[in-house]
Amino acid sequence: QVQLVESGGGLVQPGGSLRLSCAASGSIFSIKAMGWYRQAPGKQRELVAAITSVGSTNYADSVKGRFTISRDNTKNTVYLQMNSLKPEDTAVYSCNAAVLRLQDLELYEYDYWGQGTQVTVSS
């Protein structure tokens, strides 16, 4: 099995910064894309940022220029640096990973989610 463990959420004032981390562990051959999603109360879950295994990135328009996604492939970890935070960034942030697992000499792709971490931006 594979586990994703997130950390780094919390309460921050508007204009502040937070850094989220998500570490994957378990039976992993390699990890393709990793991403961060968020869901605010009463809203649908949305993609915040994603990064491929070779470092190509994609961001939601609402966070471009403020958030930076990065990953350390040696640690199977993805990060989200969030700067200039706004109250509308308040949500539960969850990481996602597309994981390749070797089973019976064949590679299979599975989708895994972390448990989520709360980010609250408020004065």
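Residues Phe29, Leu102 and Leu107 make up a contiguous nonpolar surface patch of roughly 300 Å² in combined accessible area. Its location among the elements puts Leu107 in strand β10 (residues 106–113).

On to the pairing of strand β3 (residues 18–26), then. Across six bridges, strand β1 (residues 2–7) lies against β3 in antiparallel orientation. Bridged to Glu6 within β3 is Cys22. Note that β3 and strand β8 (residues 77–82) share six bridges and pair antiparallel. Paired with Arg19 across the bridge in β8 is Gln81.

The side-chain alternation of strand β7 (residues 67–72) yields one buried face, formed by Phe67, Ile69 and Arg71, and one unburied face, formed by Thr68, Ser70 and Asp72. As paired strands, β7 and β8 are joined by six bridges and run antiparallel to one another. The residue of β8 that forms the bridge with Ser70 is Tyr79. Counting the residues that bridge the hairpin from β7 to β8 gives four residues, and of these Asn76 lies at a positive phi of roughly 50 degrees.

Non-glycine residue Ser84 carries a positive phi angle of around 50 degrees. Within the element layout of this structure, Ser84 appears in the loop between β8 and β9 (91–103). Here the phi dihedral of Asp104 falls at roughly 50 degrees; this positive angle occurs in a residue that is not glycine. Within the fold, Asp104 resides in the loop between β9 and β10.

What counts and how
Residues numbered from 1 in each chain as written. Predicted model: local features only at pLDDT ≥ 70, side-chain atom pairs only at ≥ 80, totals over all residues. Heavy atoms only, no water. Patch = residues over 30% accessible without salt bridge, like charges linked within 9 Å, V, L, I, M, F, W, Y side chains within 5 Å. Areas by Shrake-Rupley, 256 points an atom, 1.4 Å probe, with all protein chains shown as cover. Salt bridge = Lys/Arg side-chain N within 4 Å of Asp/Glu carboxyl O. Helix = DSSP H or I, 4+ residues; strand = E, 2+ residues; numbered from the N terminus. Pairing = 2+ DSSP bridges. Buried < 20%, exposed > 50% of the residue type's maximum accessible area, 1.4 Å probe, protein only.

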